[in-house]
Amino acid sequence: MVGNDWVNSYLEAILAAEPGIGNPKSSLLLRERGHFSPTRYFVEEVITGFDETDLHRSWVQAAATRSPQERNTRLENLCWRIWNLARQKKQVEGKNAKRVAKRNLEREKARKEVTADMSEDFSEGEKADLPGEIQPTHSDNTKGKMSRISSVDVFENWFAQHKEEKLYIVLISLHGLIRGENMELGRDSDTGGQVKYVVELARALGSMPGVYRVDLLTRQVSGPDVDCSYSDPTEMLNPLNTDSTEREHGESSGAYIIRIPFGPKDKYVPKELLWPHIPEFVDRALSHIMQISKVLGEQIGGGQVWPVAIHGHYADAGDSAALLSGALNVPMVFTGHSLGRDKLEQLQKQGRPKEEINSNYKIMRRIEAEELCLDASEIIITSTKQEIEEQWSLYDGFDLVLERKLRARMRRGVSCLGRFMPRMFAIPPGMEFHHIVPHDVDADGEGARDDENPQSPDPPIWSEIMRFFSNPRKPMILALARPDPKKNLVTLVKAFGECRPLRELANLTLIMGNRNDIDELSTTNASVLLSILKLIDKYDLYGQVAMPKHHKQSDVPEIYRLAAKTKGVFINPAFIEPFGLTLIEAGAHGLPTVATRNGGPVDIHKVLDNGLLVDPHDQQAIADALLKLVSDKNLWARCRQNGLKNIHLFSWPEHCKTYLARIALCKQRHPKWQRIDVENSDSDSPSDSIHDISLNLKFSLDGEKSEGSNGLDTNLDAEDSAAERKAKLEKAVATLAQKRSTSTEKSDSKMPTLKRRKHIFVISVDCDGTSDLLAVVKTVIDVAGKGGAIGFILSTSMTISETHTTLLSGGLKPQDFDAVICNSGSELYFTSSASEDKTVLPYTLDADYHSHIEFRWGGENLRKTLLRWITSVQEKKKPKQEEILSEDESSSTNYCLSFKVKDPASIPPMKELRKLMRNQALRCNVVYCQNGARLNVIPVLASRSQALRYLLVRWGIDLANMVVFVGVSGDTDYEGLLGGIHKTVILKGIASDLRELHGNRSYPMEDVTPLNSPNIAEAEECGPDAIKAAIEKLGVNLLKP
């Protein structure tokens, strides 16, 4: 590892330091040196896995000490420090082993429980394939070919059936600096390969037949340290291939970069600090998508054109895509690019404490976002199978074995009992090859001379590289990577320096980003560069190694071309390479490759067959592979031709065909209601406004619920019992609707009124007692006034009957509110005029909302699993301890499973229950509410904040006109209410005792709280003057019209 190559030298110095060794006060380790080799022990057993740059600095100081006695003392101290490292390493390894064993035990237990529920036997022929694999229909040898024929056939068949439809695809990539031309790749860790990938994917998809429009949503960035182009709200991506096509282009067709403003203004924010601002992006992106969908519908005809998929890239965009997918009820696709759990595992193996890792990288928030992506995604796209088998398998929500069982049931048409695993496909990234002209070579592999065309001068980057070499005609070994320890460039330089035949035959070029001064780089990058410079000096490689300080992104193709012209080799020696896009780029330019055998290069090599794979830890193997390709002209020519022949399999058109074929496998869904455009509606009746169905559910005032409390299995074919319950519910609804038809036609509907409100006050305060809630509600209504330009929505975890009873007990009327959000966001009602029938509550259910949130709702099967979990919790209680929690049938509904918690201190935290559900492939949203006295389990994409977004999608209610009132804490869904484009008033002193609910979170609340947001104001107390001041601070005018 970089920074530790000095260990041998200082340990050898310790052994050579005879004075003091025989001293009885010397360290035990030094006195026992005759029984083992300290050098070998330290290097092989201690240092591996650690990068202690502090030890290196100490060694430099010790080596510079002139006094032998002081020098030996310092070296001895260093020995003890290394011994301490050895102890730390063993502790880390022990913790890691326990963590892995615990995860395997939990996963095995979940598999057994799922197998018990799905007890049918499977024959070998019914077992599903691994994700991303396609069963070959022939026994022909397909070596060197991608198994994509089936995918393309699916796409072509699907496109033939839907050729009249024009697809709208939304891609999201939030962090970094994104633009279509002159991308600043390598500017920082956020602006790397992902930026190039998403831009080229958007551009390529926009050129595909059947795709009408592609939007790449990212953050609008403005500031003194970034180019002004990143502040442009819209940038059209011109297709690189401008050949004429038969496609008809409309006014808004094509591919676009859409920059959404969110987060701090005039400031470039690293990805780790974007989490608090995700809700704001979601709200603004939601408005954009709805606007574009309407415009496309007008251009194309046939109604609103909803996205066929929303594709999130990286965890932050995946979190956004999940919320947008839920708000719009459209399919979601996700690509991780790099995964948080894998990074956490690697950092923990290095001995770094979890708290430090989370503080620097916000890693736990990132992991939770990736788990949510598993919950919400129809498809997850990876670059390699290794990512599926080794990285995604670390997550609670994905299990290859369980996925295989569920896939087998789906292929047989058997219900999965509410369980779901996203489909995973490995689709290598594409490349644009039309502009690449490989350098010609003659029959002997000799490069054609450029001096035959004197009109074409050499690119400037060539002379910038060639000036380093004393003999520029030798073949060039090219490495292109950041100066990161993981890229293993130090080992490459060592291999080159210690292999004399290789040094005599070739030059080495290292393209390691851009730099002005090494001292300005990060400590890690500077350490790599300094180590390389020392090795160049050690092996006297001057005139044989090029390290240009600067290059443009547009220079990269010319660098590849120069290496091919000299009949060189491209090498990627990284310890682990997730994919290896540079290997594809090199192959496209006719460069043979040497690559690590760990990760994506294995899959690339199978397709291109244009080089050799090596162990990145084996320095001699790296030198031998390079020497073999450079010295054997026939092998070099064969590898070059193989690469050029097969490279089309990695083209963007091939990638997009496979991509669209996978999208075609998604179960298409989108908002379904007969009346979408209600902006000009003048109707005052719920029958007109809520056109699909208008009903007043019949509840008794004591809180009895209607029969049938389980949901439907929406993942696969619903079970008969669920279908029967649905039929009964629909029959009851029809009866009630017919019974109330006359009164509802004349009722004073609140829906059009809600649309005409200038501002909407949403009271989402979670209090321990109803008296505190009523006090807050009355104060807010008194401050705003009734019947004016301000409407009211009550958002709570209670049922509709409990809410009604609470309002009446406080002397409030249901008609004081325009809408009521109940059961933690799983139900939405609009108030109506009171009925003479006192058994009928004055609320109208928005039935469209249920169809909007039922995605992956486990219903009865989820309930059974929760009851089994309750039993296991009860078994762990102390002998004399009372019942900890129980099912609350009176508070449960079709889309909310409710449980009474009698001892909140004894039940597992929310993250443990989420983990249990995900291990069993059950997707849901778990909410502890009412100060921990109740547990509500609702659909995975339902919440109180999502209910507000539904009002925008269904009824066009502007979120910016909403003011949400919350306490200083609340239920475990509290964080979702803080961010967004709505205003938020935090009432100090309210719900402060609910903070204990958040005491055992996966990540601290500070990681998701938008500090210093202009949309958040605090009221010092729950009094009229304090609330009024906070509201006015947010720019809301309370003057009566």
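Residues numbered from 1 in each chain as written. Predicted model: local features only at pLDDT ≥ 70, side-chain atom pairs only at ≥ 80, totals over all residues. Heavy atoms only, no water.

Let us now look at the overall build of the chain. Looking only at helices and strands, the chain has 35 helices and 26 strands in total. The burial tally for the chain puts 57% of its 1041 residues in the buried class. (Helix = DSSP H or I, 4+ residues; strand = E, 2+ residues; numbered from the N terminus. Buried < 20%, exposed > 50% of the residue type's maximum accessible area, 1.4 Å probe, protein only.)

Burial along strand E3 (residues 234-237) is one-sided: Glu235 and Leu237 are buried, while Thr234 and Met236, pointing the other way, are not. Here E3 runs beside strand E4 (residues 254-260); their pairing, made up of 4 bridges, is antiparallel. Residue pairing for E4: glutamate 235 is matched across the bridge by isoleucine 257. (Pairing = 2+ DSSP bridges.)

Checked against the element boundaries, serine 826 lands in the loop between strand E17 (819-822) and strand E18 (827-831). In this structure the C-alpha to C-alpha distance between serine 826 and tyrosine 895, which are 69 residues apart in sequence, comes to 6.1 Å. Setting aside residues up to four positions removed in sequence, serine 826 forms contacts with Tyr849, His850, Ile853, Tyr895, Cys896 and Ile938. A distance of 3.0 Å separates the side chain of serine 826 from the backbone oxygen of asparagine 823, its partner in a polar contact. (Contact = heavy atoms within 4.5 Å. Polar contact = N/O pair within 3.5 Å; in protein donor to acceptor, adjacent residues only side chain to side chain.)

Next up on the list: the sheet that holds strand E20 (residues 885-887). The 4 strands are arranged E20-E21-E23-E22 in an open sheet whose pairing can be described as antiparallel. One side of each edge strand has no neighbouring strand; the edge strands of this open sheet are E20 and strand E22 (925-929). Strand-to-strand twist across the sheet, computed as the mean angle between neighbouring axes with direction ignored, equals 25°. Together, E22 and strand E23 (934-938) form the strand contacts of helix H33 (residues 910-919), whose direction differs from that of E22 by roughly 155°. (Axes fitted to C-alpha atoms, helices over the stretch in contact; angles between N-to-C directions.)

As a further point, take the side chain of serine 891. Along the chain, serine 891 falls in the loop between E20 and strand E21 (897-901). A residue is classified by how much of its surface remains accessible, and serine 891, at 2% relative accessible area, is buried. Setting aside its immediate chain neighbours within four residues, serine 891 contacts Thr799, Glu802, Asn823, Ser898 and Arg934.

Moving on, we get to the confidence of the model for the chain. Atomic detail in the predicted coordinates should be set aside for any region of low pLDDT. Across the chain, pLDDT averages 80, with 76% of residues at or above 70. The model gives residues 8-53 a pLDDT under 50, and that stretch makes 72 contacts with residues more than four places away or in other chains. Below pLDDT 50 for its whole length, residues 120-151 participates in 56 contacts with residues either more than four positions away or in separate chains. (pLDDT = per-residue confidence, 0-100.)

Quick look at the packing of aromatic side chains now. This model, assessed by the stated rule, comprises 11 aromatic pairs. Taking 5.8 Å as the distance between ring centres and 50° as the angle between the ring planes, the aromatic pair formed by tyrosine 197 and tryptophan 652 counts as tilted. Of this pair, tyrosine 197 sits in helix H7 (residues 193-206) while tryptophan 652 sits in helix H24 (residues 652-664); the two residues are 455 residues apart in sequence, bridging distant segments of the chain. The pair formed by tyrosine 197 and tryptophan 652 is uniform in burial state, with each residue classed as buried. Put simply, the rings of Phe334, Trp392 and Tyr395 pair up and form one aromatic cluster. The ring of tyrosine 256 has arginine 213 sitting right over it, with the charged end atom 4.2 Å from the ring centre. The positively charged end of arginine 954 is found above the aromatic ring belonging to tryptophan 955, 4.1 Å away from the centroid. (Phe/Tyr/Trp six-rings, centres within 6.5 Å; stacked < 30°, edge-to-face > 60°. Lys NZ or Arg CZ within 6 Å of the ring centre and 35° of its normal.)

Before going further, it helps to examine helix H19 (residues 556-565). Along H19, the positions that sit buried rather than exposed are Val556, Ile559, Tyr560, Leu562, Ala563 and Ala564. Following H19 by one or two positions, lysine 567 adopts a phi angle in the positive range, close to 60°.

Let us look at the nonpolar core. Membership of the largest hydrophobic core comes to 106 residues, with the highest contact counts inside it found for Ile172, Phe281, Ile310, Leu324, Leu328, Trp392 and Leu951. Inspection of this core shows a minimum of three residues originating in each of domain 2 (164-240 + 251-426) and domain 4 (751-857 + 942-1040). Setting aside its immediate chain neighbours within four residues, phenylalanine 281 contacts Ile172, Leu174, Leu217, Thr218, Ile260, Phe262, Ser320 and Leu324. (Core = buried A, V, L, I, M, F, W, Y, C linked by side-chain atoms within 4.5 Å. Domains from an automatic or database assignment.)

So, on to a negative patch on the surface. Residues Asp768, Asp772, Asp993 and Glu996 make up a contiguous surface patch of negative charge. Along the polypeptide, aspartate 768 turns up in the loop between strand E15 (759-763) and helix H29 (770-784). Assessed through its relative accessible area of 46%, aspartate 768 is described here as partly exposed. (Patch = residues over 30% accessible without salt bridge, like charges linked within 9 Å, V, L, I, M, F, W, Y side chains within 5 Å. Areas by Shrake-Rupley, 256 points an atom, 1.4 Å probe, with all protein chains shown as cover. Salt bridge = Lys/Arg side-chain N within 4 Å of Asp/Glu carboxyl O. Lys, Arg positive; Asp, Glu negative; His and termini not counted. Charge placed at Lys NZ, Arg CZ, Asp CG, Glu CD.)

Here we take up the environment of valine 100. Here valine 100 is to be found in helix H5 (residues 68-117). For valine 100, a relative accessible area of 25% corresponds to the partly exposed category.

With that settled, the discussion passes to the pattern of salt bridges. Working definition: two side chains of opposite charge can pair if their charged atoms are close together. The full count for this structure, using the stated rule, is 45 salt bridges. For glutamate 272, the salt bridge identified is with lysine 271, shortest N-O distance 3.7 Å. As far as the burial class goes, glutamate 272 and lysine 271 line up, both buried. Two residues, arginine 365 and aspartate 319, come together in a salt bridge whose shortest N-O distance is 3.2 Å. With arginine 365 in helix H12 (residues 363-376) and aspartate 319 in helix H9 (residues 314-328), the pair connects residues that are 46 residues apart, well separated along the chain. Side by side, arginine 365 and aspartate 319 carry an identical accessibility label, which is buried. Each of Glu368, Asp375, Arg914, Arg918 and Arg923 takes part in a single network of salt bridges with overlapping partners.

Even without a glycine there, the phi angle at asparagine 329 is positive, about 60°. Positioned with a positive phi, aspartate 609 is a non-glycine residue whose angle comes to about 50°. Secondary-structure assignment places aspartate 609 in the loop between helix H21 (601-608) and strand E14 (611-614). What makes aspartate 609 partly exposed here is its relative accessible area of 36%.

With that out of the way, let us pick up the side chain of threonine 382. Checked against the element boundaries, threonine 382 lands in strand E7 (residues 379-382). What makes threonine 382 buried here is its relative accessible area of 1%. Polar contacts involving the side chain of threonine 382 include one to the main-chain carbonyl oxygen of threonine 384, which spans 3.0 Å. Among residues more than four places away in sequence, those in contact with threonine 382 are Glu387, Ile388, Trp392, Phe425, Ala426 and Ile427.

The geometry of H9 relative to H12 is characterised by a closest axis approach of 8 Å and an angle of 45° between their N-to-C directions. The angle between the axes of H9 and H12 places the two elements in the oblique class. The element H9 and its partner H12 pack so that their crossing is left-handed. Residues Tyr314, Ala315, Gly318, Asp319 and Ala322 of H9 lie in contact with H12, whose contacting residues are Arg365, Arg366, Ala369, Glu370, Leu372, Cys373 and Ala376. Of the residues belonging to the contact of H9 with H12, the class tally is 7 nonpolar, 1 polar and 4 charged. (Parallel < 35°, antiparallel > 145°, perpendicular 65-115°, else oblique. Left-handed = near helix turned anticlockwise from the far one by under 90°. Nonpolar A, V, L, I, M, F, W, Y, C, P; charged D, E, K, R; others polar.)

Before going further, it helps to spend a moment on the sheet that holds strand E12 (residues 569-572). Spatially, E11-E10-E9-E12-E13-E14 is the arrangement adopted by the 6 strands of the open sheet, whose pairing is parallel. Two strands close off the open sheet at either side, each with one partner strand: strand E11 (545-546) and E14. Against the sheet, H19 touches strand E9 (476-480), strand E10 (507-511) and E12, its axis set at about 155° to E9.

What follows is about the packing of helix H16 (residues 489-498) against helix H22 (residues 619-631). Across the interface, H16 lies against H22 with an axial gap of 9 Å and an inter-helix angle of 65°. When you trace H16 past H22, the crossing you get is right-handed. Of H22, the residues touching H16 (which contributes Thr491, Leu492, Lys494, Ala495 and Glu498) are Gln619, Ile622, Ala623 and Leu626. Residue composition of the contact of H16 with H22, grouped by class: 5 nonpolar, 2 polar and 2 charged.

Residues in a regular strand point their side chains to alternate faces of the sheet. For E12 and strand E13 (residues 593-596), the ladder comprises 3 bridges, and the chain directions are parallel. By the bridge assignment, phenylalanine 570 is partnered in E13 with threonine 593. Traced from E12 through helix H20 (residues 581-588) to E13, the parallel crossover comes out right-handed. Relative to E14, E13 is paired through 4 bridges, and the arrangement is parallel. The residue bridging alanine 595 from the neighbouring strand is leucine 613, located in E14. (Right-handed = clockwise from strand over helix to strand, strands pointing away.)

On to the environment of leucine 1011, then. As for its position among the elements, leucine 1011 is in the loop between strand E25 (983-987) and strand E26 (1016-1019). Separated by 32 residues in the primary sequence, leucine 1011 and glycine 979 place their C-alpha atoms 9.9 Å from one another.

On to helix H8 (residues 278-300), then. The periodicity of an α-helix, 3.6 residues per turn, causes residues three or four positions apart to be oriented the same way. Compared with an ideal rise of 1.5 Å per residue, which puts 23 residues at 33 Å, H8 spans 32 Å between its outermost C-alpha atoms and is within 8% of the ideal. At the exit of H8 stands glycine 301, carrying a positive phi of roughly 90°. (Expected span 1.5 Å × (residues − 1).)

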